[in-house]
Amino acid sequence: MRIPDNEDRLRRPARIRSLRVGDLRVSYVPDGVVKMVPRSLFPATSDETWARNSRYLDSSGWLTISAGGLLIENGERAMLVDAGYGPFTEPVSMMEHGMATMYGGSLLDSLDRLGRGPHDIETVAITHLHIEHLGWAAHPAPGESEPAFAHAAYLVSQREWDDRRTTFGVTEEVAAALARRVRTVADGDEVFPGVRAVALPGHTAGQMGYEVTSAGERLLAFADVLHSPVQVAHPDWAIVGESAAEESAGLRREVLGRLADEGTIGFGVHFADVPFGRVRRMGDSFAWEPLA
């Protein structure tokens, strides 16, 4: 029996998806994918947990976590939230015992398909300094000497930048590549017409999300508050390696409640092929309803 389309999308890497938020166009810009053994990402879960949630798992029993960015267009102007994993097309192991693999390489091609080149991007807002969010901002394309967005301003919270040398994936070389272009931002700052920064500490202490508002419509790019649509129904599931698990769980519930109660569109950069959606309350829990 064929898997229904929305269910199939829970298992596959994200494709280009676009929608309108008022007068602005927003698009998911795919770069690559992370494949993870689900219990390696959510260590408090069990095999029984995943037997009940098997619709989120591919044919190998692994969870699909997309890597990419959010393109925001206002007429001729454009910015990007997050910059994917970078020009690394061969899958590499991320964790011990081969429990996760990651590859990238598609972001510039995805931008091209959306009618944009790197030099159209005036600002790159990096939600937090993990390797699958800063890739093309720090690494040149093959044959090039400068990162693809070297002309743009890189937006990072002050706390995130202060913590850079203790953050996963930020080597001295990566920090140096970012440093000349970094401009720090604070909660509430308008960074582009209709786009403001929203502090979302938890996954990292300096994590920043971005709210897009136009003509009475609103979208929240909530960064790594949530990693998978399965977490919408299970916001208490802790992510491996998060030092403030209770704080992160509280933030997940707060963000989900806000999305549900305010009718705000959510954007999950890691949400397989359902990156845009609305949140609906289901008693004491929540459900993700994909858009685009």
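Here, the structure is the one placed above.
If you're wondering where the values come from, they're calculated on a predicted model, not measured in any experiment.

## Quick notes on the overall build of the chain
Logical step 1: Check the secondary structure of the chain and you find nine helices and 16 strands.
Logical step 2: What you see for the chain is a C-alpha radius of gyration of 18 Å, in line with the 19 Å of a compact globule of 292 residues.
Logical step 3: The C-alpha extent of the chain, read off along each of the three principal axes, is 50 × 45 × 40 Å.
Logical step 4: Buried residues in the chain amount to 54% of all 292 residues.

## Observations regarding the nonpolar core
Nonpolar side chains tend to gather and get buried jointly when the protein is soluble and globular.
Logical step 1: The biggest cluster of nonpolar side chains holds 33 residues, and the ones touching the most others in it are Phe42, Leu63, Phe222 and Val255.
Logical step 2: Going through the elements one at a time, strand 2 (24-36), strand 3 (63-74), strand 6 (100-103), helix 8 (230-233), helix 9 (245-262) and strand 16 (285-291) are the ones with two or more residues in this core.
Logical step 3: The element that contributes the greatest number of residues to this core is helix 9, accounting for four residues.
Logical step 4: Excluding its chain neighbours within four sequence positions, the residues that come into contact with Leu63 are Val34, Lys35, Met36, Pro38, Leu41, Phe42, Trp50, Tyr56, Leu57 and Ser228.

## Some remarks on the sheet that holds strand 10 (residues 190-192)
Logical step 1: A sheet is described by the order of its strands in space; here seven strands give the open sequence 10-11-12-13-14-15-16, paired in mixed fashion. Across the chains shown, the open sheet's two edge strands, defined by having one partner strand only, are strand 10 and strand 16. Averaged over all neighbouring strand pairs, the angle between strand axes comes to 35°, with direction disregarded.
Logical step 2: Looking at chain direction, strand 11 (residues 195-199) and strand 12 (residues 208-214) are connected through five bridges and run antiparallel. When the bridges of strand 12 are listed, Arg196 appears paired with Glu211.
Logical step 3: In this fold helix 9 packs onto strand 11, strand 12, strand 13 (217-221), strand 14 (265-267), strand 15 (276-282) and strand 16, with an angle of close to 95° to the strand it touches most, strand 15.

## Brief notes about the environment of Asp261
Logical step 1: Tracing the backbone shows Asp261 in helix 9.
Logical step 2: Since its relative accessible area comes to 54%, Asp261 is described here as exposed.
Logical step 3: Measuring from C-alpha to C-alpha, the distance between Asp261 and Val279 comes to 8.6 Å, with 18 residues separating the pair along the chain.
Logical step 4: At a separation of 2.9 Å, a polar atom in the side chain of Asp261 contacts the side chain of Arg281.

The rules behind the values
- Residues numbered from 1 in each chain as written.
- Predicted model: local features only at pLDDT ≥ 70, side-chain atom pairs only at ≥ 80, totals over all residues.
- Heavy atoms only, no water.
- Helix = DSSP H or I, 4+ residues; strand = E, 2+ residues; numbered from the N terminus.
- Rg over C-alpha atoms; globule rule 2.2 N^0.38 Å.
- Buried < 20%, exposed > 50% of the residue type's maximum accessible area, 1.4 Å probe, protein only.
- Core = buried A, V, L, I, M, F, W, Y, C linked by side-chain atoms within 4.5 Å.
- Contact = heavy atoms within 4.5 Å.
- Pairing = 2+ DSSP bridges.
- Axes fitted to C-alpha atoms, helices over the stretch in contact; angles between N-to-C directions.
- Polar contact = N/O pair within 3.5 Å; in protein donor to acceptor, adjacent residues only side chain to side chain.

Take it as geometry only, folks, not as evidence of what the structure does.
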